[in-house]
Amino acid sequence: MYKINKYYLKDSLIHKLNPITKIILLLLMILSCLLSKNIINILIVSIYTILLLLLSKINIKIYLNSLINIKVLLIFIIIISLIFKINILTIILTIYKIVIVILISTMITLTTPPTEITYGLEKILSPFNKIIKVKEIALMITLALRFIPSTKEQSERIIKAISVRGINYNGSIKNKLSIISILITPMFISSIKKSDQISDIMTVRMYNYSNIRTNYRMNNYQYKDTILLIITTIILILTIIS
């Protein structure tokens, strides 16, 4: 069974990219999506996105599941747009941009371990080290990325336990709200316990984010990174000038 936003180890071009390259690529693609106004730009961004997804060698079902998870957001956007009588083409274009951004973001999280994402963010934000506490922010991001999957798994286990006891989760909105209220307490207790465990482990290992630390993987910058960044930058320039 596939799990969304979980790192999948594959021998692909995207997996081998430097994490700094991936984060910059994500930012450039987001800008390209936001600035896409005509069909040619949309077509170019779409083809390039599909190419990147194929290069990641991740099963397409996982990417489709990531879109299913935002169906509520998409429906909400459509309803709000209809209420304010926004042009149908504008609605379609907005949904398209959201889908592209979600697909690229999912690709980054699926092909990059959480620690590598943190490493990339830390290096990108390093010029602002005197203004903000970059290493502290990087540590918080790492812990958040670690907590999200485990919290989701814990909630699924609690929902299954509730279902076994005869409580119907797939009922009316009132039933769903009551189930959510039941989930809050055990989820909160579980999160506190895990945070205490992580704190104890970090204390035992004498972890200090202010110290200079080495990285487990050698994140060498290769010619592949340069080529992909040049292509992505060209696409962004085309969307700006056209």
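Report on the accompanying structure. Everything numeric in this text was worked out from a predicted model, so none of it was measured.

### Digging into helix α2 (residues 19–35)
Over its 17 residues, α2 extends 24 Å from the first C-alpha to the last, a length consistent with the 24 Å expected when each residue adds 1.5 Å. Along α2, the positions that sit buried rather than exposed are Pro-19, Thr-21, Lys-22, Ile-23, Leu-25, Leu-26, Leu-28, Met-29, Ser-32 and Cys-33. Contact partners of the buried residues in α2: α1 (13–16), α3 (39–55), α6 (88–111), α7 (114–125) and α10 (223–241). One side-chain oxygen of the residue at the start of α2 lies 2.9 Å from the amide nitrogen of Ile-20, identifying that residue as Asn-18.

### Focus on the packing of α2 against α6
It is the contact of α2 with α6, at a shortest axis distance of 9 Å, that shows an interaxial angle of 175 degrees. When the axes of α2 and α6 are compared, the pair comes out roughly antiparallel. Along the contact surface, α2 presents Lys-22, Leu-25, Leu-26, Met-29, Ile-30, Cys-33 and Leu-34, while α6 presents Lys-97, Ile-100, Val-101, Ile-104, Ser-105, Met-107, Ile-108 and Thr-111. Per-class residue counts for the contact of α2 with α6 are eleven nonpolar, two polar and two charged.

### A look at the nonpolar core
The biggest cluster of nonpolar side chains holds 29 residues, and the ones touching the most others in it are Leu-25, Val-45, Tyr-48, Leu-52, Tyr-63, Met-107 and Leu-228. Going through the elements one at a time, α2, α3, α4 (60–68), α6 and α10 are the ones with two or more residues in this core. Among the elements that line this core, the one with the most residues is α6, at ten residues. Leu-228 has contacts with Leu-13, Ile-14, Leu-17, Leu-25, Tyr-48 and Leu-52, leaving out every residue within four places of it along the chain.

### Overview of the side chain of Thr-49
With respect to the element layout, Thr-49 can be found in helix α3. Within the structure, the side chain of Thr-49 is placed 2.7 Å from the backbone oxygen of Val-45, a separation counted as a polar contact. Every residue in contact with Thr-49, bar those within four places of it in the chain, is listed here: Met-29, Ile-100, Leu-103 and Ile-104.

Each value, and the rule that gives it
- Residues numbered from 1 in each chain as written.
- Predicted model: local features only at pLDDT ≥ 70, side-chain atom pairs only at ≥ 80, totals over all residues.
- Heavy atoms only, no water.
- Helix = DSSP H or I, 4+ residues; strand = E, 2+ residues; numbered from the N terminus.
- Expected span 1.5 Å × (residues − 1).
- Buried < 20%, exposed > 50% of the residue type's maximum accessible area, 1.4 Å probe, protein only.
- Contact = heavy atoms within 4.5 Å.
- Polar contact = N/O pair within 3.5 Å; in protein donor to acceptor, adjacent residues only side chain to side chain.
- Axes fitted to C-alpha atoms, helices over the stretch in contact; angles between N-to-C directions.
- Parallel < 35°, antiparallel > 145°, perpendicular 65-115°, else oblique.
- Nonpolar A, V, L, I, M, F, W, Y, C, P; charged D, E, K, R; others polar.
- Core = buried A, V, L, I, M, F, W, Y, C linked by side-chain atoms within 4.5 Å.

Any functional reading would require information beyond the geometric quantities listed.
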